[in-house]
Amino acid sequence: MVSIFLEMPLWRRTKAGDEECNRAVLVAVSNFDHRVPLCRRPGAEKDTKRLHRTLTRLGYRVDIHTDLNSHEMYTLFKTESERPVKECFLAVLSSHGEEGCVFGADGRPVRLSHIFSCFNNSHMEGKTKVFFIQACRGGELDDGVTVETDSAGSDVIEDTLSQYLSIPMDTAVMYATTPGYGAFMHPLGAVFLQTLCILLEEEGGRALELTRLLTRLSHRVAFGFQAKGRLLGGKKEMPCFVSRLTREVFPFAEPEKEGGANGLSATTLINPEYNRPRKPSIS
C-alpha cells in the first residue's frame, strides 16, 4: 500500500488550511496479491498521474493511494468522510470490479454502497460529493447496438439498487460502464478517465455545470471510442451517472475568472430562492 499526499497550488491556499480547499482522493489498484486470480492493471498509473496533474491545476488538494486492500479502502473513506472540505469532495476508484463492488489488492470486494454511505454525515452535509468509478460491472461487452430485454438478472438489480439507495444528497456518481458490462483498460490509461481529463483541460471545460460535463463525457466515450484487435475489435463503452444533486454545481470553475462578476462555486444554486427552508412532507 502506498499513499502520496500532493499539495494544492498557492492560488487556492488560504490561512484556514484544509477546510478552505476542495479535496480529491485517487484510489487505484494496479497490482493484486499473487494468490488472487486478477490480472495487473498497468494503465492505472497513467490515469493517476494525469488526474493528479489536471485536478491540481484546478485547485484541488490531491491525495493518491495505490494498491490498498479492502480493509484499507473502507478505513480510508471513513476517514475522508470526516475531514473538512471547502465545497467539493471528489473521489476516483480504479480497480477490477463487479456490479456493486470494486476489488482491493487482496481480491476481496469493497461494496460501493458502504463507501457512499460513509458520506451521509454532518461533516459532508451541504457539500458536493463526486465519485468516478473505473471498474467492470459485469462480464458482458457492448456491441454498440440498442437491444430490448424484459429484465436484468435479480442479483444485478439488487446490487444496483443497493448502490443507488446509499448515495447521499448532493452527490453524483459516474461509472465507466453500465450495469452488467465490462470497462476497458489500456496500458496507456482508461478511456473513461483519460477523456475526463481531456474535457477538463479543454477551453471552457472546467466552467461546465457538473451534469453537463458528465453528459458530455458519456457522449465523448460512447461515440468516440471503439476497441481494436481481433478479440475486442468493434466493442464500445457506455458510461452512465446517477445524480442526487439538488442544485447546479460548478466544481471546477475558478471563481471571479470563469464565473463572471459574482463567480461560480461548487455550491451555486439554480435560483437562490430555492434555498429557503422547507418543512418535510409526504405526498
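Please read all numbers here as calculations on a predicted model, not as lab measurements.

K.L.:
Could you give an account of the confidence of the model for the protein, naming the residues involved and the relevant values?
P.N.:
Do not read the fine detail of predicted coordinates wherever pLDDT is low. Summary statistics for the protein give a mean pLDDT of 81 and a share of 71% for residues scoring 70 or more. Below a pLDDT of 50 lies the segment residues 5-18, which in the model reaches 36 contacts outside its immediate sequence neighbourhood of four places, other chains included.

K.L.:
Give a description of the packing of aromatic side chains that names residues and reports values.
P.N.:
The tally for this structure, following the rule as stated, stands at 7 aromatic pairs. Their ring planes at 40° and their centres at 5.8 Å tell us that Tyr60 and Phe252 sit as a pair that is tilted. Taken together, the positions of Tyr60 in strand 3 (residues 60-66) and Phe252 in the segment after strand 10 (240-243) put the pair 192 residues apart, joining distant regions of the chain. Geometrically, the ring pair formed by Phe116 and Phe131 is edge-to-face, given 5.1 Å between the ring centres and 65° between the ring planes. Taken as a pair, Phe116 in helix 3 (residues 112-117) and Phe131 in strand 8 (residues 128-134) lie far apart in primary sequence, 15 residues in all. In this structure Phe116 comes out as buried when scored by relative accessible area, which is 0%. Assessed through its relative accessible area of 0%, Phe131 is described here as buried. Through successive ring pairs, a cluster of aromatic residues spans Phe77, Phe89, Phe116, Phe119 and Phe131. Here the basic side chain of Arg137 rests over the ring of Tyr175, its NZ or CZ set 3.8 Å away from the ring centre.

K.L.:
Quick rundown of the pattern of salt bridges? Include the residues and the values.
P.N.:
As enumerated under the stated definition, the model contains 10 salt bridges in all. Among the charged side chains, a salt-bridge network with shared partners connects Arg23, Asp63, Glu80 and Arg83.

Calculation criteria
- Residues numbered from 1 in each chain as written.
- Predicted model: local features only at pLDDT ≥ 70, side-chain atom pairs only at ≥ 80, totals over all residues.
- Heavy atoms only, no water.
- pLDDT = per-residue confidence, 0-100.
- Contact = heavy atoms within 4.5 Å.
- Phe/Tyr/Trp six-rings, centres within 6.5 Å; stacked < 30°, edge-to-face > 60°.
- Helix = DSSP H or I, 4+ residues; strand = E, 2+ residues; numbered from the N terminus.
- Buried < 20%, exposed > 50% of the residue type's maximum accessible area, 1.4 Å probe, protein only.
- Lys NZ or Arg CZ within 6 Å of the ring centre and 35° of its normal.
- Salt bridge = Lys/Arg side-chain N within 4 Å of Asp/Glu carboxyl O.

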